[in-house]
Amino acid sequence: MNPSRRSLVVGAALAGAGGLALSAHSARAADRKVLRLHYRTIEVDGKPAKRYRVSQPSGEWGLTLEQGDMFDVRLENNLDVLSGLHWHGLNPPWRQDGVPYLSAPPIAPGKFADYRFPAQPTGTRWMHSHFGLQEQNLAAAPLIVRETEAVRSGIREVVVMFEDFSWRQPEAIFADLRKPKPAMAMGGGMQMTGNKPTTGGRTSMARSGGAMPAAAPKPDLNDVTYDAYLANDRTLADPEIFEVDAGADVRLRLINGAASSNFVVEFGGLEVTLLTVDGNPIVPVKLTALPLAIAQRADVMLRMPADKRAVPVVARGEGRTLQTGVILRPGGAAVEKVAINGATPAPEVSLALEKSLRASQPLASRPVDQTVPVDLTGNMAAYIWGMSIHGVEALPVTVEKGQRVELTMRNTTMMSHPMHLHGHSFQVVEIDGQRIAGAFRDTVLVTPRSTVKVAFDADNPGMWAFHCHNLYHMEAGMFATMVYRGFS
Ligand code: C2O
Ligand code: CU
């Protein structure tokens with residue numbers, strides 16, 4: 001890479017070199033928002049937990065902008081460790097993407113970095129630390145770019161971010177996952193997750209077909225047993241209660257900000273309308289249960305019952321009974337306690353809904369310039385995860401500006417992987433051989449043994465992260481990059 005003079009200047013401002021960037025934009029200084037990474041104490045099960053938080057000086061959690069706004073942010077690191085934030089789902093210039101050592105150095109304690117770019121695309125996005133395992137300790141917050149249409153509608157909006165919580169430090173969780181395990185203790189998933197993909201990987205694909213042996217391995221749903229799930233930092237022992245009007249529409253902006261948990265969200269039995277996924281509009285779909293993989297977002301329109309009933313919005317961990325949520329309450333309505341454990345475990349998060357989603361504005365049809373095979377690999381016993389690009393572990397995906405690119409993500413393992421590409425929105429165009437004009441996303445779940453193809457136009461030159469958003473899978477190697485040839 002041959003950084004140009006311009007990118008060096010940008011890099012210096014990002015590294016918090018001083019007030020240079022600020023004075024250059026003083027005409028818009030009033031629009032600049034300050035975000036702080038800092039410590040705070042939350043209460044879980046009546047006990048205090050010191051965790052990270054991202055808020056504005058006003059105390060507001062995260063950031064809400066409107067369509068057409070600049071993302072004009074000074075990010076201050078008030079922690080005593082290196083940190084930073086990635087703007088998940090926004091497509092900024094690559095130097096401002098917040099991935100330490102890839103887009104820019106991390107921010108030192110007491111320093112800041114400045115960001116300024118058009119806040120696009122619109123919709124429900126989020127922000128989180130991309131440094132080490134900090135995301136597990138709640139270094140994350142909502143980042144909403146409200147659509148003009150949503151603003152004009154006057155419809156009430158409620159933002160809910162779901163997270164997973166452990167009393168243990170993430171480094172200890174990870175160390176435990178990495179401990180060598182006796183094969184038998186790993187359960188049924190073992191034999192097949194142990195398969196390294198070979199060039200003849202079709203054999204293992206074939207095994208996932210109809211002729212499964214009786215002792216077929218079951219997918220592994222969760223690596224980590226969490227002590228709590230949080231919705232806006234709270235458990236169901238003391239959930240956040242939003243006052244809403246009986247009979248009114250409420251637009252829920254739901255964010256799965258968990259490090260390692262997929263959820264299924266329910267709305268007290270009500271049918272809701274799914275409007276967007278990962279912030280991007282789809283042909284609306286009605287549903288009563290919404291699968292939400294790690295890092296994904298969904299906007300749903302919910303109509304409050306006319307009879308003044310409170311409505312719980314509850315996310316249950318995939319394969320778990322543990323759940324969390326918030327309450328929508330019309331004035332004065334009684335609020336029933338929602339149990340911290342549901343009656344039955346939430347089902348496995350599958351691709352059934354994904355297959356039925358249609359982008360409201362699909363990619364223009366044109367020939368594909370490049371199809372990139374991406375195998376998702378793993379060795380569960382050793383807890384090593386990987387991505388092999390064109391059959392080579394850790395090779396970057398290389399693209400050229402202007403290309404239509406397809407990524408063929410083939411999951412050779414028995415765990416699902418929420419795959420996230422930075423800097424671009426992609427369209428889901430094929431699931432297990434079935435061609436669709438699917439949703440635009442930035443994170444798509446690739447379930448065990450399935451193959452998901454996504455397409456995008458390469459229009460944002462730079463070096464980008466491309467990885468599994470399960471924090472521990474990423475830390476254990478399921479991380480690659482995408483590089484534009486010849487950019488400067
Ligand atoms: Cu949500 Cu690489 O990030
Ligand atoms: Cu993964």
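Below or above, wherever it landed, is the structure these notes cover. (Residues numbered from 1 in each chain as written. Chains lettered and ligands numbered in written order. Predicted model: local features only at pLDDT ≥ 70, side-chain atom pairs only at ≥ 80, totals over all residues. Heavy atoms only, no water.)

## Side note on unusual backbone geometry
Residue Pro121 is bonded to the preceding Gln120 through a cis peptide linkage, with omega at -5 degrees. Secondary-structure assignment places Pro121 in the loop between strand E6 (112-118) and strand E7 (123-128). In this structure, Asp45 takes a positive phi of about 50 degrees despite not being glycine. Within the secondary structure layout, Asp45 lies in the loop between strand E1 (33-44) and strand E2 (47-55). The backbone of His390 shows a phi angle near 50 degrees, a positive value even though the residue is not glycine. With respect to the helices and strands, the residue His390 is situated in the loop between strand E21 (384-389) and strand E22 (392-393). (Helix = DSSP H or I, 4+ residues; strand = E, 2+ residues; numbered from the N terminus.)

## Quick look at the nonpolar core
Of all hydrophobic cores here, the largest spans 88 residues; its most connected members are Leu254, Phe267 and Leu274. If one sorts the elements of this core by residue count, strand E31 (residues 463-468) sits on top with five residues. When residues are assigned to domains, this core turns out to be shared by domain 2 (32-154) and domain 3 (370-484), each giving three or more. Counting residues in hydrophobic clusters, the runner-up holds 31 residues, among them Tyr52, Trp87, Ile144 and Ile294. (Core = buried A, V, L, I, M, F, W, Y, C linked by side-chain atoms within 4.5 Å. Buried < 20%, exposed > 50% of the residue type's maximum accessible area, 1.4 Å probe, protein only. Domains from an automatic or database assignment.)

## A look at the pattern of salt bridges
According to the stated counting rule, one finds 33 salt bridges in the structure shown. A salt bridge links Arg32 to Asp114; the shortest N-O distance between them is 3.9 Å. Of this pair, Arg32 sits in the loop between helix H2 (20-24) and E1 while Asp114 is found in strand E6, placing the two residues 82 residues apart along the sequence. Asp114 carries the same exposure label as Arg32, and that label is buried. Note that Arg146 is salt-bridged to Glu157, the shortest N-O span being 3.2 Å. Pair noted here: Arg146 is in strand E8 (residues 140-146) and Glu157 is in strand E9 (residues 156-165), with a separation of eleven residues, a long-range link. Residue classification places Glu157 among the buried residues on the basis of a relative accessible area of 19%. The network of salt bridges with common partners includes Arg125, Asp278, Arg297, Glu354, Arg441 and Asp442. (Salt bridge = Lys/Arg side-chain N within 4 Å of Asp/Glu carboxyl O.)

## Section: the environment of Phe426
Tracing the backbone shows Phe426 in strand E26 (residues 426-431). On the basis of relative accessibility, which here comes to 1%, the residue Phe426 falls in the buried class. Distance from Phe426 to Val444, taken between C-alpha atoms, is 9.3 Å for residues 18 residues apart in sequence. Apart from residues no more than four positions distant in its own chain, Phe426 is found in contact with Met419, Leu421, Ala439, Phe440, Arg441, Asp442, Thr443, Val444, Val454, Ala455 and Phe456. (Contact = heavy atoms within 4.5 Å.)

## Focus: the packing of aromatic side chains
Here the structure, examined in full by the defined rule, presents 13 aromatic pairs. Where Phe162 meets Phe263, the ring centres are 5.8 Å apart and the plane angle is 50 degrees; that geometry is what we call tilted. Of this pair, Phe162 sits in strand E9 while Phe263 is found in strand E13 (residues 263-266), placing the two residues 101 residues apart along the sequence. One exposure class covers both Phe162 and Phe263, and it is buried. Ring geometry for Phe174 and Tyr472: centres 6.2 Å apart, planes at 20 degrees, overall stacked. Of this pair, Phe174 sits in helix H4 (residues 170-178) while Tyr472 sits in helix H8 (residues 471-475), placing them 298 residues apart in sequence. Residues Phe174 and Tyr472 agree in their burial class; the two are buried. Aromatic ring contacts, followed pair by pair, group Phe71, Trp87, Tyr115 and Phe117 into a single cluster. The residue whose ring lies beneath Lys47 is Trp167, and the NZ or CZ to ring-centre distance is 4.7 Å. The positively charged end of Lys50 is found above the aromatic ring belonging to Tyr39, 4.3 Å away from the centroid. (Phe/Tyr/Trp six-rings, centres within 6.5 Å; stacked < 30°, edge-to-face > 60°. Lys NZ or Arg CZ within 6 Å of the ring centre and 35° of its normal.)

## Description of the sheet that holds strand E4 (residues 70-77)
Two strands in a sheet stick together by hydrogen bonds in their backbones, pointing the same way (parallel) or opposite ways (antiparallel). The mixed open sheet is built from four strands, whose spatial order is E2-E1-E4-E6. The sheet terminates laterally at E2 and E6, the two strands that pair on one side only. Across the sheet, the axes of successive neighbouring strands diverge by a mean angle of 25 degrees, strand direction being ignored. Across nine bridges, E1 lies against E2 in antiparallel orientation. Counted as the bridge partner of His38 is Arg53 from E2. (Pairing = 2+ DSSP bridges. Axes fitted to C-alpha atoms, helices over the stretch in contact; angles between N-to-C directions.)

## So, H4
Those residues of H4 lying buried are Pro170, Ile173, Phe174 and Leu177. The buried side chains of H4 occupy one side of the element, clustering within an arc of 95 degrees when seen end-on. (Arc of directions from axis to C-beta.)

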